[in-house]
Amino acid sequence: MTSEGKELTHRERWVRTMHFEPVDHVPDEEFGYWAETFTAWHEQGLPRWVDSNPMADLYFRFAPRHMAPVNVGLLYWWEEKVLSEDERHIVKVNAGGVHCMVLKDGSSSIPKYIRFPLESREDWEREFLPRLAPAPGQRYPANWPELVEQYRRRDYPLGISVGSIFGWIRDWMGFENSTMCFYDDPGLMREMMQTLTDLTCSTIERALRDVQFDFAHFWEDMAYKAGPMISPALFDEYMVPCYARITNLLRQHGVDIVIVDCDGNINELVGLWLKGGVNVMFPLEIRGGSDPRPIRDRYGKSVLLMGGVDKTRLIEGPAAIDAELERLAPLVEEGGYIPHVDHRCPPDVTLENYRYYLRAKRERFGIPQPDPVELTEPPS
């Protein structure tokens, strides 16, 4: 893929890539890292100031891509408090209102969930509807007009969150309760999904009038290695109409790139997301069963792809990394695809292997290598 006679901005390169248009090189992006990864890499030579995903983006010199600060979710959260503790564990109420047990050392393993804040229609009406009120004055930052002026001069891709249709409900109810709700109280499930859809549409209209966005972003996380958490039939009946309402509004304002963030095996849902107007699959977990190559082969250029670099290949070392990049090279050449690690990079990947991966990826796909000067402190 080439673009003759002009150096593209980050924004132009990203948008052209996602429209299968010629570019000078594919955008240079990565997903992120677990907290334990930074801890391990600090012992392997990573500067201590690189302790978060935003700092790592600066350190590794990735191309910027940002989200507008428009809130389509809860207006306010729960007060965190510790209920009990022992030598290894803390039982607490977290900011999401969930009673859970976590490790005292702060490790990011999955907590043991004890109780969820949404167990009945009464909980929905008392605890959630006030937090999901339209409240337009509270869903935009006070400096929104200044941000709008900045966005009009930007050279990076800018997106807007369009929330979640099922993923947030699953967080609020828990996996078992949320999936059983389709059968135990289908009216409540429809009401919750419609409330989220109504809120998203009413909230983003102002932003869509003020700013020309490059993409929109859903978060769902509703699949495991074996497949989706609910059947495709339920997804089609309950969720596709909600997606379609939101994506139709987006397209009325020129936003035709709509990302969904969903881990695990999404193969049974891709066609339904496309039906609902969601066209970018991310992060394409290889070991979860979501390989970008078969997805592109099945759906062609109607589907856009981000991710898909098997994180376990980075653990194995240079030869495996080279083979993985070679496997994905035809997709990069086709366009409509941004390659990066298929979830947050785990601590099993050494800093040396990760640096090799970045060098190899940039070289293989014609991405300019950043200035080799080591950053020992955050850039100003």
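Before reading on, note that the structure itself is shown above.
Owing to the predicted nature of the structure, the values given are computational and were not obtained by experimental measurement.

A.B. asks: Help me get a handle on the nonpolar core, residues and values and all.
C.D. replies: By size, the foremost hydrophobic cluster in this structure holds 110 residues, and its most contacted members are F60, W144 and Y354. Y354 has contacts with E30, Y33, W41, F60, F62, L314, C345 and V349, leaving out every residue within four places of it along the chain. If you look at the next biggest cluster of nonpolar residues, it comprises 5 residues, including I90, V98, C100 and V102.

A.B. asks: Lay out the side chain of S164 with the relevant residues and their values.
C.D. replies: When you line up the elements, S164 lands in the loop between β6 (158-161) and α6 (167-173). We classify S164 as buried; its relative accessible area is 2%. One polar contact links the side chain of S164 to the main-chain amide nitrogen of G167, over a distance of 3.0 Å. If we skip the residues at most four places from it in the chain, S164 touches L196, F218, W219 and E220.

A.B. asks: Which residues make up the sheet that holds strand β11 (residues 280-282), and what values go with them?
C.D. replies: Sheet architecture is open: 7 strands sit in the order β1-β6-β7-β10-β11-β12-β13, paired in parallel fashion. Both edges of this open sheet fall to β1 (66-67) and β13 (337-341), since each of them pairs with a single strand only. Note that strand β12 (residues 304-309) and β13 share 5 bridges and pair parallel. Opposite V309, over in β13, you have V341 as the bridge partner.

A.B. asks: Residues and numbers for the packing of helix α11 (residues 292-299) against helix α13 (residues 318-334), please.
C.D. replies: Where α11 meets α13, the closest approach of the two axes is 10 Å, and the angle between their N-to-C directions is 40 degrees. What the angle tells us is that α11 and α13 run oblique. For the crossing formed where α11 meets α13, the hand is left-handed. Contact with α11, carried on its side by P292, R293 and R296, involves L328, P330, L331 and E334 of α13 and no other residues of that element. Of the residues contributing to the contact of α11 with α13, the split by class is 4 nonpolar, no polar and 3 charged.

A.B. asks: Tell me about the sheet that holds strand β4 (residues 99-103), and please be specific about residues and values.
C.D. replies: With respect to topology, 4 strands assemble into an open sheet ordered β2-β3-β4-β5, the strand pairing being antiparallel. Lying at the two open borders of the sheet, with one neighbouring strand each, are β2 (81-85) and β5 (112-115). Pairs of neighbouring strands in the sheet enclose a mean axial angle of 30 degrees, with direction left out of account. Two strands pair when backbone bridges link them, and strand β3 (residues 89-93) and β4 are joined in this way by 5 bridges, in the antiparallel orientation. Its bridge partner lying in β4, V93 is registered against H99.

Parameters and conventions
- Residues numbered from 1 in each chain as written.
- Predicted model: local features only at pLDDT ≥ 70, side-chain atom pairs only at ≥ 80, totals over all residues.
- Heavy atoms only, no water.
- Core = buried A, V, L, I, M, F, W, Y, C linked by side-chain atoms within 4.5 Å.
- Buried < 20%, exposed > 50% of the residue type's maximum accessible area, 1.4 Å probe, protein only.
- Contact = heavy atoms within 4.5 Å.
- Helix = DSSP H or I, 4+ residues; strand = E, 2+ residues; numbered from the N terminus.
- Polar contact = N/O pair within 3.5 Å; in protein donor to acceptor, adjacent residues only side chain to side chain.
- Pairing = 2+ DSSP bridges.
- Axes fitted to C-alpha atoms, helices over the stretch in contact; angles between N-to-C directions.
- Parallel < 35°, antiparallel > 145°, perpendicular 65-115°, else oblique.
- Left-handed = near helix turned anticlockwise from the far one by under 90°.
- Nonpolar A, V, L, I, M, F, W, Y, C, P; charged D, E, K, R; others polar.

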